[in-house]
Amino acid sequence: MTPQLLSLKKEISRKKLDAILISSVANIIYLTNFSYFSHYEREAFLLVLKNKQYILTDGRYAEAIKENTQNFDLIEISSSLTFEKTLKNLAKKHRIKYLGVEENNLTAKEHKKLSRLLNDLSHFTVADLRMIKNPSEISAIEEACRLGDKTFEHVITLINRGVTERQLGFEIEFFIKKHGADISFPPIVAFGKNSAIPHHKSSDKRLTTKDKIVLLDFGAKVNNYCSDMTRTVFFGKPTRKQKRIYETVLEAQQKAIEYLKSLIINHKSIAAKEVDKVARNYIISKNYNTIPHSVGHGIGLEVHEKPIISPKSKDILKAGMVFSIEPGIYIPGFGGVRIEDLVVLENFSPRLLTHSSKDIIQL
Ligand code: GLY
Ligand code: MN
């Protein structure tokens, strides 16, 4: 049995539940290592009991599941043996009364249906278990970061007058896929004033000498684990104002990383919201608007997961967590700068997983 499954079972007992119904694809991957299911449609559930576990899906995946998963009994769902019927049978067979469900993943309709089958549903989340990564998860993220760095090195050679945001986005995707990985989210490529939109949707805009700023935010996915990085480079010589913004963002990021270092060396507990505050307050102290997003987020099977490094976060950062530090300054109609790296917290130090240069790059 995998350590992930063992930890989940401990939670079942701790929460005094009879079973847990896992529905989110990321959690299905986490527990089974089986990654064929669509992220856009409901194609499978896991039902995990204290001493048994099932995977419920239809015939399209049966063979692949038999070949690629252990520990789970497969139940093939069909039009005659529906999911509801199956769950009803299993609930009867195993005397399931208290069922944990992922409320933040089920649709309202699914929740309604489930509560007709079983009265006692309670909310359950795997997010806390996933926060601490084991060495093999960390090395997958590290490999994804390495490919991200290589991608950056490649894509900056393609930044030329006339190239479009969408073309660069495609080149990023092509490079990552050519190297046997996947993208962890559609790349964000923003030129000029578009870079003031933190999550700009790459467009057909062509790069001109007036644009100057080129913001690239992208990630690779290796063995199901994601990377995420942002670099902002300049097409031509940056203006003084642009340079000052860049240096302020970089300093904010470095201050947050230094703060992490100082606490971990002294074995002090690190409140995520304090890390956010260090970067945020530095930017505000330089008379820029506050950052319109959190300073960082955990990453793993999903691009955004716990811990969250934001002003209201209650998360405490611990060894084994992997997260981004990504301050930014955005000035509408002018442009923006974001610099993002991934960090793994180790026992005595934070370690950067992304290594692309943060010197001002002028192309
Ligand atoms: N890099 C995309 C994000 O963190 O939202
Ligand atoms: Mn990010």
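An account of the accompanying structure is given in this report. Along each chain, the written sequence defines residue order, and numbers are assigned to residues from 1. Labels are handed out in written order, letters beginning with A for the chains and numbers beginning with 1 for the ligands. Only residues with pLDDT of at least 70 are given local features in this predicted model, and only at 80 or more are side-chain atom pairs given and counted; all residues enter the totals for whole chains, interfaces and linings. As a convention, hydrogens and water are excluded, and side-chain values are obtained from all of the structure's heavy atoms.

What about the site of ligand 1?
Reasoning step 1: Whether a residue is near a molecule or strand is decided by its heavy atoms; if any one of them lies within 4 Å of it, the residue is near. Residues in contact with ligand 1, as listed here, are F185, H199, D217, D228, H297, H304, E326 and E340.
Reasoning step 2: Contacts described as polar in this section are N or O atom pairs within 3.5 Å, which, within protein, must combine one atom able to donate a hydrogen with one able to accept it, while residues neighboring in sequence count only if both atoms come from side chains. Contacts to ligand 1 include E326, whose side-chain N or O atom sits 3.3 Å from an oxygen atom.
Reasoning step 3: Surface accessibility follows the Shrake-Rupley procedure with a 1.4 Å probe radius. Residue values consider only the protein chains on display as shielding. Surface burial for ligand 1 is 93%, taken as the share of its 200 Å² of free accessible area covered by protein chains.
Reasoning step 4: Polar here means any residue other than Ala, Val, Leu, Ile, Met, Phe, Trp, Tyr, Cys and Pro, which are nonpolar, and Asp, Glu, Lys and Arg, which are charged; Gly is therefore polar. Looking at the shell around ligand 1, its residues break down into one nonpolar, three polar and four charged.

So, the pattern of salt bridges
Reasoning step 1: Salt bridges are defined as contacts in which a side-chain nitrogen from Lys or Arg sits within 4 Å of a carboxyl oxygen from Asp or Glu. Scanning the model with the defined rule gives 27 salt bridges in all.
Reasoning step 2: Measuring nitrogen to oxygen at the nearest pair gives 2.8 Å for the salt bridge that ties R166 to D204. Placement of the pair is R166 in helix α8 (residues 165–178) and D204 in the loop between β8 (188–191) and β9 (213–218), with a sequence separation of 38 residues.
Reasoning step 3: Between E251 and K255 there is a salt bridge, and its shortest N-O distance comes to 3.5 Å. One end of the pair is E251 and the other is K255, both in helix α9 (residues 240–265) and four residues apart, which spans about a single turn. A run of H or I in DSSP counts as a helix once it spans at least four residues, and a run of E counts as a strand once it spans at least two, with each numbered from the N terminus.

Focus on the coordination of the manganese ion (ligand 2)
Under ideal tetrahedral coordination, the four donors around a metal are separated by 109.5 degrees; under ideal octahedral coordination, the six donors are separated by 90 or 180 degrees.
Reasoning step 1: Water is not among the atoms examined, so metal sites may look incomplete; donors are the N, O and S atoms within 2.8 Å of the metal, or within 3.2 Å for Na, K and Ca. The manganese ion (ligand 2) binds to the protein through D228 (OD), H297 (NE2), E326 (OE) and E340 (OE); the donor distances cover 2.0 to 2.3 Å.
Reasoning step 2: Every donor residue of the manganese ion (ligand 2) comes from the same chain, spaced as D-x68-H-x28-E-x13-E. Note that E326 is positioned in the loop between β17 (322–325) and β18 (328–331) and E340 in the loop between β19 (335–338) and β20 (341–345), a separation of 14 residues in sequence.
Reasoning step 3: Taking the relative accessible area as the measure of exposure, E340 reaches 0% and is therefore buried. Relative accessibility under 20% of the residue-type maximum defines a buried residue, over 50% an exposed one, and the middle range a partly exposed one, all with a 1.4 Å probe and only protein chains included.

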